[in-house]
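Observations on chain architecture
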Amino acid sequence: MAEQTGTDELLGSLNPGQREAAVTGASHNLVLAGAGTGKTTTIVARIRHLIRNGTAPHRILAITFTRRAAAEIRARVQGETSAMEGVGAMTFHAWAMREVRANPDVFGYDGWSVLDSDDQAQVMRGVLGRGKRVEGLKAAQIIDVVSFARNTRITLAEAIRAKFPDQTIDPKAIGAVVRAYEERKKERRYLNYDDLLMIFAARLADPAVAEWVGSHYDEILIDEMQDTNPLQWTIIDPLVPHARYYCVGDDAQSIYGFRGADFASIHSFSERVPGARIMRLEDNYRSTQQILDLSNWLLEASELDYQKRLRAVRGSGPKPELHSFETPQDEAGWIAGELRRAHEDGLPWSTHLILVRSNYSGRAIESMLVENDIPYVFFGGTKLLESAHVRDVLSALRVVANPDDEVAWLRLLTLVPRVGDRTAVRAFDALLAAREEGLSARESRARALGSMPEWLRAGLDAIEDAADRVDDAVGRAAAMLTPVLAHKYRNENWDARQRDLAHVERLAASRSSILEFIEEYLLSPVFTSELTADQKDDDHVVLSTVHSAKGLESDWAFCAGVSPGAYPSSRALGDVDAVEEERRVLYVALTRARDRLCVTRALFHTPVRAWVGGPYAMDVIEDAYFLSTLPDGLMAETVHVPQRPPKPVAPPGLSGPPEIDLGVDLGDLGD
Ligand SMILES: Nc1ncnc2c1ncn2[C@@H]1O[C@H](COP(=O)(O)OP(=O)(O)OP(=O)(O)O)[C@@H](O)[C@H]1O
């Protein structure tokens, strides 16, 4: 294809390398670049450039890693002009879901419902409870290893060896359990996230289907290419002859290996996508050179050659700070204090980003932010559709959308006062029997739920009547269950939970079916605090797990919990690839700050030693700790010794232990 020539004002602000990457005329392209070098900026410029040169927005598809990234690309492409509206931007799962759901004739599986990980574990527990056992593994671990096998396209036996190298578990027992689980899924018409990708990929293997799907798009852009896995490649490969690919990635930011991502695949990109042009960007526009020196050092300390040395366009700034505390509480308290001080000095809350390793470690910071009245959004906190009260309401919608959905039925039925597990199972069996006789869903409910309160049947019928107005259906489900939920959650913040239900109703507006709505938000979740922040003060601090921090940046970034046993995680020790992935997690965290980077850690706290635990001794953990070889001069170090109040000394007249009668007064029992 000839190089395109139309211009967009955004192109004028790019450097020559970025500009070249944005206007490339090659059919397939890979932009391979380090943190903060403008990959997202370049994708946005590319899409705008394509549209200016005549590509219809709806023929452009941008695949992103999260819903948030998709929304950002859409917003930045559109800018002020409606001419740019209509670009598809979504995750791989959302894309697969959309194609599969929109074309049941091509893909099948109409009316099958998608389970999230908790529900999958529930189904697996059901299988394990029926006499099948795997010593040493929990339901969720078996689900994980199956998913790993499918995403990396290896056998279950290989996945078991990779995931549990030191454990003596019986692979045959896992095999038997997994077979039973798969049968159960089929009976109940359940799909999981991987199934959607597999259905899409399996049909794309038919060249006629690939040609047809490819004909919907002129260009498919993929962000965060380093985190694509072999299963996703089975979707990418068949479309190579039919669409143009524009992929963007950074091998040093690959942090999803544990889910099967294979960053090496971007090194063989030009073999997999013949004729692809590879372009590199090296100038970092985000951070000061001192922040990049630390990040560069971290990568250079690796045995792998990442070939990355970031240069700061912005020049110098203060050294990154390293703050050591006695306990995680001291650490969180100091961060909250810094934020408050900065705010009092006139800096907006949005100046700050706090990065944590896990949801669990985020909670300590979260409670400190609440205590200090600091508005925040937590990317990585509770997912809206996974919180208990929302799942309760969704169960009523799910049984209407898929009457075979056992997990949802049992959840719904056990919400009914005085209905326990046994009664719920009996009612479900009666429902199945009625359906097997050929009764409709509504007739089956009328027959099988005879002993249940009238509101349940009437409520489900009302939801079914509104099934194609999904927000109305959500409203009806919430109204039906409000009395029981208000009681169930009476001591657990019911008011806030009710607000979440109103959010769910709002999100459901304009969705075309219950299943589509639920799947969309299960596959690309929103966090509860994202929704409440919309309504609250717009100015807020962002607290994020590093894994949810892709693409984020801020003037000040606090990387919390950078302690021995956390970087690398002691669970990764002994596995070279896993330790390397831990390095990249820290690299992503360090490269988020523009001006001030504060790395914090709790060093002397004995419970930390107890938590890290595992088979490794503390000296092994300390040796592996990335910052144990930190050269002098890269960071400004402060050790915070807590100021404990002095112990009061008693005057001499008060000393000498008195003898105190510690016995209880027995009253007249002693007589
Ligand atoms: N040519 C440029 N001139 C000025 N600023 C730029 C330029 N390119 C990018 N930037 C700015 O640099 C910052 C980083 O850019 P961007 O987020 O696009 O990088 P990225 O490569 O996607 O980063 P990461 O992979 O680390 O998330 C942004 O604030 C962006 O506005």
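Throughout this description, residue numbers start from 1 for each chain and increase along the sequence as written. Where local features are concerned, this predicted model is filtered to residues with pLDDT of at least 70; where side-chain atom pairs are given and counted, the filter is 80 or more; whole-chain, interface and lining totals use all residues.

In the nomenclature of an unreviewed UniProt entry, the protein is known as DNA 3'-5' helicase of Demequina zhanjiangensis. UniProt positions are given in the numbering used here, feature names are shortened, and annotations may be inferred rather than shown by experiment. What UniProt states about the protein under its Sequence similarities (unreviewed entry) heading is, verbatim, "Belongs to the helicase family. UvrD subfamily."

A look at the overall build of the protein
Strands are runs of DSSP state E lasting at least two residues, helices are runs of H or I lasting at least four, and both sets are numbered from the N terminus onward. Tallying secondary structure elements over the protein gives 29 helices and 17 strands in all. Compactness check: the protein gives a C-alpha radius of gyration of 28 Å against a globular reference of 26 Å for 671 residues, within 12% of the reference. Viewed in the frame of its principal axes, the protein has a C-alpha envelope of about 95 × 90 × 55 Å. For the exposure call, what matters is how many other C-beta atoms sit within 10 Å of a residue's own: 20 or more marks it buried, 12 or fewer exposed, and in between partly exposed, using C-beta atoms placed from the backbone. Scored against the burial criterion, the 671 residues of the protein give a buried share of 43%. Within the protein, contacts between residues separated by at least 24 positions form 78% of all contacts whose residues are at least 6 apart in sequence. Throughout, radius of gyration means the C-alpha value; the globule benchmark is 2.2 Å times the number of residues raised to the power 0.38. The contact criterion used is a C-beta to C-beta distance within 7 Å, with each C-beta placed from the backbone.

Some thoughts on the sheet that holds strand E16 (residues 593–602)
A pair of strands counts as paired when DSSP detects no fewer than two bridges linking them. The strand order across the open sheet formed by 7 strands is E13-E14-E12-E15-E16-E11-E17, and the pairing between neighbours is parallel. Lying at the two open borders of the sheet, with one neighbouring strand each, are strand E13 (376–379) and strand E17 (636–639). Averaged over all pairs of adjacent strands, the angle between strand axes in this sheet comes to 20°, irrespective of strand direction. Running at roughly 160° to strand E14 (residues 541–545), helix H17 (residues 359–371) makes contact with strand E12 (352–356), E13 and E14 of the sheet. For helices, the axis comes from a line fit to the C-alpha atoms of the stretch in contact; other axes are also lines fit to C-alpha atoms, and the angle between any two N-to-C directions lies between 0 and 180 degrees.

Remarks on the packing of helix H15 (residues 289–300) against helix H27 (residues 576–590)
Packed helices, taken two at a time, are described by the angle their axes make and the gap between the axes. Packing of H15 against H27 brings their axes to within 10 Å, and their N-to-C directions diverge by 175°. Judged by the inter-axis angle, H15 sits roughly antiparallel to H27. Here Ile291, Leu294, Ser295, Leu298 and Leu299 of H15 come into contact with H27, specifically with Arg583, Leu586, Tyr587 and Leu590. In this count, Pro and Cys sit with the nonpolar residues alongside Ala, Val, Leu, Ile, Met, Phe, Trp and Tyr, while Asp, Glu, Lys and Arg are called charged and the others, Gly among them, polar. Partitioning the contact of H15 with H27 into residue classes produces 7 nonpolar, 1 polar and 1 charged. Each angle gets one of four labels, with under 35 degrees taken as roughly parallel, over 145 as roughly antiparallel, 65 to 115 as roughly perpendicular, and the rest as oblique.

Looking at the UniProt feature "binding site: ATP" (unreviewed entry) in the protein
According to UniProt, the feature "binding site: ATP" (unreviewed entry) maps to Ala33, Gly34, Ala35, Gly36, Thr37, Gly38, Lys39 and Thr40 in the numbering used here. Inspection of the secondary structure puts Thr37 in the loop between strand E1 (29–33) and helix H3 (39–52). You can call Thr37 buried: it has 26 C-beta atoms within 10 Å. Excluding its chain neighbours within four sequence positions, the residues that come into contact with Thr37 are Leu281, Glu282, Asp283 and Asn284. Within the secondary structure, Gly38 is located in the loop between E1 and H3. Judged by C-beta crowding, with 25 C-beta atoms within 10 Å, Gly38 ranks as buried.

Digging into the site of the ligand
Whether a residue is near a molecule or strand depends on its C-beta atom, placed from the backbone, lying within 6 Å of it. Near the ligand you find 19 residues, and of these Ala35, Gly38, Lys39, Thr41 and Tyr285 are the closest. Broken down by class, the residue content of the shell around the ligand amounts to 4 nonpolar, 11 polar and 4 charged.

A look at the sheet that holds strand E6 (residues 219–222)
Spatially, E3-E2-E6-E7-E1-E8 is the arrangement adopted by the 6 strands of the open sheet, whose pairing is parallel. Across the chains shown, the open sheet's two edge strands, defined by having one partner strand only, are strand E3 (88–90) and strand E8 (277–281). In this sheet, neighbouring strand axes are inclined to one another by 15° on average, regardless of whether the strands run parallel or antiparallel. Strand direction decides the pairing type here: E6 and strand E7 (residues 244–249), joined by 4 bridges, are parallel. In the strand pairing of E7, Ile222 is matched with Cys247.

A closer look at helix H4 (residues 67–78)
Every helix has an expected span of 1.5 Å times one less than the residues it contains. Relative to the 16 Å expected for 12 residues at 1.5 Å per residue, H4 spans 17 Å between its end C-alpha atoms, a close match to the ideal helical length. Turning to H4, its buried residues are Ala69, Ala70, Ile73, Arg74 and Val77. Burial along H4 is one-sided: seen end-on, the buried residues are contained in an arc of 135°. Residues of H4 that are buried make contact with H3, strand E2 (60–63) and E3. Downstream of H4 by one or two residues, Gly79 has phi in the positive range, about 50°. When we speak of the arc, we mean the arc of directions from the helix axis to the C-beta atoms.

Focus on unusual backbone geometry
The omega torsion of the bond from Tyr567 to Pro568 falls at 0°, within 30 degrees of zero and hence cis. Here Pro568 lies in the loop between strand E15 (554–559) and H27. You will see that Asp373, though not glycine, has its phi angle at about 60°, which is positive. With respect to the secondary-structure elements, Asp373 resides in the loop between H17 and E13.

Overview of the pairing of E2
Sheet topology note: the E2/E6 ladder contains 4 bridges and is parallel. Looking at E6, one finds that Ile60 is bridged to Glu219.

Some details on the environment of Gly126
Tracing the chain through its elements places Gly126 in helix H7 (residues 117–129). The class for Gly126 is partly exposed, based on 17 C-beta atoms found within 10 Å. Taking the C-alpha atoms as reference points, Gly126 and Tyr181, separated by 55 residues in sequence, lie 8.6 Å from one another.

Regarding the environment of Asp392
Tracing the chain through its elements places Asp392 in helix H18 (residues 388–401). Considering only alpha carbons, one finds Asp392 and Ala478, 86 residues apart in sequence, at a separation of 9.0 Å. Not counting the four nearest positions on each side in its chain, Asp392 is found in contact with Arg411, Leu415, Leu481 and Leu485.

So, H27
Over its 15 residues, H27 extends 21 Å from the first C-alpha to the last, a length consistent with the 21 Å expected when each residue adds 1.5 Å. Among the residues of H27, those classed as buried are Glu581, Glu582, Arg583, Arg584, Val585, Leu586, Tyr587, Val588, Ala589 and Leu590. In the core, the buried residues of H27 are packed alongside H15, E12, E15 and E16.

Section: the packing of helix H22 (residues 454–465) against helix H23 (residues 470–488)
Contact geometry for H22 and H23: axes closest at 9 Å, N-to-C directions at 170°. With respect to H23, the element H22 is oriented roughly antiparallel. Taking contact as the criterion, the partners of Trp455, Gly459, Ala462 and Ile463 in H22 are, on H23, Ala473, Arg476, Ala477 and Met480. Tallied by class, residues from the contact of H22 with H23 come to 6 nonpolar, 1 polar and 1 charged.

Some points on the confidence of the model for the protein
pLDDT: the predictor's confidence for each residue, scored from 0 to 100. Taken residue by residue, the protein gives an average pLDDT of 88. The fraction at 70 or more is 94%. Within the protein, the element-level pLDDT minimum falls on helix H28 (residues 606–612), averaging 46, and the maximum on E15, averaging 97. The low-confidence segment residues 606–613 (pLDDT under 50) makes 7 contacts with residues lying over four places distant or belonging to another chain. Interface confidence for the predicted complex, given as ipTM, is 0.97, next to a pTM of 0.82.

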